[in-house]
Structure formats: structure tokens, C-alpha cells
Amino acid sequence: MLIENPEAQRKNLLDILVSQLEQFVVVVADLDGRFSSWHPGVEQLFGYDAGEYIGMPISMLFPEPDRDVGDPERELETAAATGKASDTRWLITKSGERRLVEGVSLGLRDANNALVGFGKVLRDVTERRTAEAQQRALTQALDQSTVFIRNFGGVITHWTNGCERLYGWSPSEAVGQISWELLRTSFPQKAETIEEQLLEAGFWQGELGQVKRDGSFVYVMAYWVLHANEAGEPFIICTHSDITSRVQIQGELEVVNAQLERLTLELERSNQELEEFARIASHDLSAPITSTRWLV
């Protein structure tokens, strides 16, 4: 049995390893910057099979504005001069779709240190970056909302900028405080009843009266959701919406309605008096006229 050449065996194993890489695309380009190898990931990421890919310039993957300013050539020049060129850029698939790709271009040199070609390792990060961007946007939006987190005992563990704008306390002042004591909360139900609903339904919703740092009163619509951390310890995400204006308008309407009811009663009483007066007057006018003798 013939033993395979060790060098050829190592190259064969390396080719197998490279071909099985799923998260990375590894290709080689010649000194002219044309692809001289193909990797299964090329078709998965860019849509090109080996016949469409090998022999084509690396610029085929670059957006037209980047090609126009010479980015593909500049990348190879940097790799040749320094040994490596790294970047994260948008590349174009066969169908014209943009994909955000992390890439490293390497200048490949032989035993005599002569440049013989270029290697390129690529990784698609589109979904990851999109998820990160969405997470950042969500975090920023959440931080601007009136949301705080507390444990089941009421101790505040997270306090957003939105809470600071509404209530006046900064996160460093609010975290560690018991929420209902800090805000001097007036509940529409007994605390025990609210806790029971949180445990049974996983949420509670209701209107609360609270006091700001400056002593002014605020009404909020509260929506509390019960969660548990990895250790199974419960915590509550509290989302509050300022409804002070609505409550004040509602209170003013109730005062106006009370005044209208009082005026209505007074009007009914006046109408009754007028009706009684009209009845008496009508009776007197219909009675016989008594003669009156004038004395001279």
C-alpha cells in the first residue's frame, strides 16, 4: 500500500477543513485580483457557482460606487504592502442584494517572500448587525419611556431616563428605593389584591396617584408585568403613562356636570313656582268682579 505524500496529505486535509467551514467563506485570488478558487460558502452567500466565480475579478462583489473609487484595488495593495487588510463593508450578491460582510484579505508569499496571490476570508454579519441595531434602537426607545423595574418587594433595580423626566429623580437616586414609598403612591385597590392578580394573571393594570420630586401630583396609567430571572426570582416591569391632564379634565367635567345638575334642580323648582303662580293668577282672573263704590 502506497503512503500518500505528507505534503499532499496536509493540503488535502486543509482543503477538506476549508470546504466544511460554514460561517466563513475562504477563497484565493491571483496577482491580478481574479478569483482562482471557489468555496461552497460563495454560492450560499453570493449565489455564484464555481464556473461563474473562478477567473472573475474581486471587484464583481463590490457596489459600483466602491468600484468607481478604486476600493477593490486599494484593498489588495494594502494586503500586499502590510500583509493584511481588514474591513467590514457592503458587498453585492448575484441577485443584487446587499450583504454586510466582515473580511480579511491576506497577501500570500512563498518561501522566498515573493507575493504569489491573495487569500480572502469572509463572514456574513448582516443579520447580526441588523439585530444589534434593532436592539440598540429598542434599548434607546425603552430608555426614553417611563419604565422601571422592581423586585417583588418594591425595590427599584432599573430606572429609565423617561422616569427621570416624569418624576424628577435620577437613576442613581431612584435605584434601591422602594417604589411606592419614593413616589408616595395611592393605589385603587389593596396591595394584597394587586399582588394576587400579578401572581395569578402575570400582569396588573390600573390608575395610580403619585407625587413627583418637586411635590406636584401626577396620575399615571400603570401596566405591570411579572417576570422571573434565570434564578427564578420574580421581578416586575412597570410601564407608566402620564394621564394627569385627562384626569384633571375629567375632574373639571365632573364639577361642571354637578353644577349643571344643581342648575337643573333649581330650574325645575323655579318652573314649579311659576306654574303655581300661573295657576293662582288664572284662578283670580276668572273670579266674578266685585263692584266697588267710590265715596265722594
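Above this text you will find the structure in question.
Now for a quick tour of the structure. Treat the numbers as computed from the prediction; the structure is a model and nothing was measured.

## A word on unusual backbone geometry
1) Next: A positive phi angle, near 65 degrees, is found at Asn 113, a position not held by glycine.
2) Next: Relative to the assigned elements, Asn 113 resides in the loop between strand S3 (98-109) and strand S4 (115-124).
3) Next: Overall, Asn 113 belongs to the exposed group, its relative accessible area being 53%.
4) Next: Despite not being glycine, Arg 184 has its phi angle at roughly 45 degrees, a positive value.

## Here's the deal with the nonpolar core
1) Next: If you look at the biggest cluster of nonpolar residues, it comprises 21 residues, and the most contacted ones within it are Phe 35, Val 42, Phe 46, Tyr 48, Tyr 53 and Leu 61.
2) Next: At the level of elements, strand S1 (25-29), helix H2 (40-46), helix H5 (71-82), strand S2 (84-92) and S4 are the ones that each hand at least two residues to this core.
3) Next: Beyond its immediate chain neighbours, meaning those up to four positions away, Phe 35 contacts Val 27, Val 28, Ala 29, Tyr 53, Ile 54, Gly 55, Met 56, Pro 57, Ile 58, Met 60 and Leu 61.
4) Next: Counting residues in each nonpolar core, the second largest holds 20 residues, with Trp 204, Leu 208, Trp 224 and Cys 238 among its members.

## Describing the packing of aromatic side chains
1) Next: As enumerated under the stated definition, the model contains eight aromatic pairs in all.
2) Next: Each ring, one from Tyr 48 and one from Tyr 53, has its centre 6.3 Å from the other, and the planes form 40 degrees; the classification is tilted. Assigned by exposure class, Tyr 48 and Tyr 53 land together as buried.
3) Next: For the pair Trp 159 and Tyr 167, a centre-to-centre distance of 5.7 Å together with 40 degrees between the ring planes defines the contact as tilted.
4) Next: In this structure Trp 159 comes out as buried when scored by relative accessible area, which is 3%.

## Here's the deal with the environment of Thr 78
1) Next: With respect to the helices and strands, the residue Thr 78 is situated in helix H5.
2) Next: When its relative accessible area of 33% is taken as the criterion, Thr 78 is described as partly exposed.
3) Next: As a C-alpha pair, Thr 78 and Gly 107 span 29 residues in sequence and 8.6 Å in three-dimensional space.
4) Next: Not counting chain neighbours up to four residues away, the residues in contact with Thr 78 comprise Gly 83, Lys 84 and Ala 85.

## Re the sheet that holds strand S8 (residues 217-228)
1) Next: Taken in spatial order, the five strands make up an open sheet running S6-S5-S9-S8-S7, and their pairing is antiparallel. The open sheet has two free edges, formed respectively by strand S6 (156-159) and strand S7 (203-211), since each of these has just one partner strand. Taken over all neighbouring pairs, the strand axes of this sheet differ in orientation by 25 degrees on average, direction set aside.
2) Next: Pairing between S8 and strand S9 (residues 234-242): nine bridges, direction antiparallel. Across the sheet, residue Val 225 finds its bridge partner in S9, namely Ile 237.
3) Next: The strands touched by helix H10 (residues 191-201) are strand S5 (147-151), S7, S8 and S9; relative to S7, the strand with the most contacts, the crossing angle is about 150 degrees.

About the cut-offs
- Residues numbered from 1 in each chain as written.
- Predicted model: local features only at pLDDT ≥ 70, side-chain atom pairs only at ≥ 80, totals over all residues.
- Heavy atoms only, no water.
- Helix = DSSP H or I, 4+ residues; strand = E, 2+ residues; numbered from the N terminus.
- Buried < 20%, exposed > 50% of the residue type's maximum accessible area, 1.4 Å probe, protein only.
- Core = buried A, V, L, I, M, F, W, Y, C linked by side-chain atoms within 4.5 Å.
- Contact = heavy atoms within 4.5 Å.
- Phe/Tyr/Trp six-rings, centres within 6.5 Å; stacked < 30°, edge-to-face > 60°.
- Pairing = 2+ DSSP bridges.
- Axes fitted to C-alpha atoms, helices over the stretch in contact; angles between N-to-C directions.

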